[in-house]
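# Overview (structure and organization)
Spelled out from the first residue to the last, the chains are:
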Amino acid sequence: MSAETTPTAPARDETPFAFSEASLEEARRILAKYPEGRARSGILPLLDLAQRQHGWVSQSVVEAVAEMTGAPPIRVWEVATFYTMYNKAPIGRAHVEICTNLPCWLRGSDEIMRAARDVFGVGFGETSADGAATVSSAECLGACVNAPMVQIGDDYYEDLDYDSAVALFTAIKEGRPVKAGSQIDRQCSAPQGTPTSLTTDPTTDEGGRWIAPESPAASSGTA
Ligand code: FES
């Protein structure tokens, strides 16, 4: 989710944006995927590319993407404001997006917000005084099974509680490496601890031989 409220016009940047050589090369590679005359289809990936270089989508970013895709700047701005993953204002070195949707809330996202406030000293839509992080709220990020969770940059941090969130946010603040994924070493979204179901392989017998499934026709007596 974006770090700021809803702007009505792209914010002008003090340092005008221009694609770097590396970004330009990547932008050309992206645009080459689209048919002749369809460069506007590249607005989304080019905005993402520009944001990765610049940190946020300023007016000069909008104008650079508009120029590369042949779209009017207002069209690019419409796209940028529709998707919350584009930052319409400068953000901190890390963008901490806390999911506050229902499953995460039921599993304790209020505690994750409290941890963020305790570590960074800011609330939603604000950037810490040291510039380490901008904290935002996010709608469901699709990892409810490991709720509560946060997204920081491109990575998810899941199965959090107050203490693990404080440890995570402190590491982010201090620039130390952090481990993405489940913070309780759950394997993907498997049950925590040892398996409680499917503890044996139903497709093999005790000797490890494959058991052919009974056909539906045979079991219904019509074979
Ligand atoms: S509600 Fe938080 S990831 Fe779905």
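Residues numbered from 1 in each chain as written. Predicted model: local features only at pLDDT ≥ 70, side-chain atom pairs only at ≥ 80, totals over all residues.

## Let's talk about helix H2 (residues 43-54)
The criterion, for reference: Segments assigned H or I by DSSP are reported as helices when at least four residues long, segments assigned E as strands when at least two residues long, and all are numbered from the N terminus. Any helix carries an expected span of 1.5 Å times its number of residues minus one. We call two residues in contact whenever the C-beta atoms placed from their backbones are within 7 Å.
Its 12 residues give H2 an end-to-end C-alpha distance of 16 Å, which sits within 8% of 16 Å, the value for a rise of 1.5 Å per residue. Of the surrounding secondary structure, the elements contacted by the buried residues of H2 are helix H1 (21-31), helix H3 (59-69) and helix H4 (73-82).

## Considerations on the sheet that holds strand E1 (residues 94-99)
We apply this condition: Any two strands between which DSSP finds at least two bridges are classified as paired. Here an angle of 0 to 180 degrees is reported between the N-to-C directions of two axes, which are lines fitted to C-alpha atoms, with helices fitted over the stretch in contact.
Reading across the sheet, the 6 strands line up as E2-E3-E1-E4-E5-E6 and stay open at both edges, with mixed pairing between neighbours. One side of each edge strand has no neighbouring strand; the edge strands of this open sheet are strand E2 (126-127) and strand E6 (181-182). When E1 meets strand E3 (residues 133-138), the two strands line up parallel, connected through 6 bridges. Residue histidine 95 lies in a different strand from E3, and its bridge partner there is threonine 134. Of the strands in this sheet, E1, E3 and strand E4 (150-152) touch helix H6 (residues 109-120), which is tilted by about 155 degrees from E1. Together, E1, E3, E4 and strand E5 (155-158) form the strand contacts of helix H7 (residues 162-174), whose direction differs from that of E1 by roughly 165 degrees.

## Some points on the packing of H3 against H4
Cut-off, in case you're wondering: Handedness of each helix crossing follows the sense of rotation of the near helix against the far helix: counterclockwise by less than a right angle gives left-handed, clockwise gives right-handed. Classes in brief: Ala, Val, Leu, Ile, Met, Phe, Trp, Tyr, Cys and Pro nonpolar; Asp, Glu, Lys and Arg charged; the others, Gly included, polar.
Put simply, H3 and H4 touch, their axes get as near as 8 Å, and they point 115 degrees apart. Considering how the two elements wind past one another, H3 and H4 form a crossing that is right-handed. Across the interface between the two elements, Val62, Glu63, Val65 and Ala66 of H3 pack against Pro73, Val76, Trp77 and Ala80 of H4. Within the contact of H3 with H4, the residues separate by chemical class into 7 nonpolar, no polar and 1 charged.

## Side note on the pairing of E1
If a strand is regular, its side chains alternate between the two faces of the sheet. As a reminder, the rule being used: Exposure classes come from backbone-placed C-beta atoms, where a residue is buried if 20 or more other C-beta atoms lie within 10 Å of its own, exposed if 12 or fewer do, and partly exposed in between.
Of all 6 residues making up E1, 6 are buried, and the element is well covered by its neighbours. Burial along E1 is two-sided: the face carrying Ala94, Val96 and Ile98 and the face carrying His95, Glu97 and Cys99 are both buried. Pairing between E1 and E4: 3 bridges, direction antiparallel. When the sheet's bridge partners are listed, glutamate 97 is paired in E4 with glutamine 151.

## A short note on the UniProt feature "binding site: [2Fe-2S] cluster" (unreviewed entry) in the chain
Spelled out, the test is: UniProt positions are given in the numbering used here, feature names are shortened, and annotations may be inferred rather than shown by experiment.
Sites flagged by UniProt as "binding site: [2Fe-2S] cluster" (unreviewed entry) map to Cys99, Cys104, Cys140 and Cys144. The greatest C-alpha distance among the residues just named is 9.2 Å, despite their covering 46 residues of sequence, which places them together in space. Among the structural elements, cysteine 140 can be located in the loop between E3 and E4. Residue cysteine 140 is classed as partly exposed on the basis of its 14 C-beta neighbours within 10 Å. The contacts of cysteine 140, once residues within four sequence positions are left out, are Cys99 and Asn101. With respect to the helices and strands, the residue cysteine 144 is situated in the loop between E3 and E4. Among all residues touching cysteine 144, those that are not within four sequence positions of it are Pro103 and Cys104.

## Topic: unusual backbone geometry
Cis peptide bonds are those with omega within 30 degrees of zero, and the linkage from alanine 147 to proline 148 qualifies with -5 degrees. Along the chain, the position of proline 148 falls in the loop between E3 and E4. Despite not being glycine, aspartate 159 has its phi angle at roughly 55 degrees, a positive value. By secondary structure assignment, the location of aspartate 159 is in the loop between E5 and H7. Owing to 20 C-beta atoms within 10 Å, aspartate 159 belongs among the buried residues under this scheme. The residue cysteine 188 is not glycine, and still its phi comes out positive at about 50 degrees. Position of cysteine 188 relative to the elements: it lies in the loop between E6 and helix H8 (216-219).

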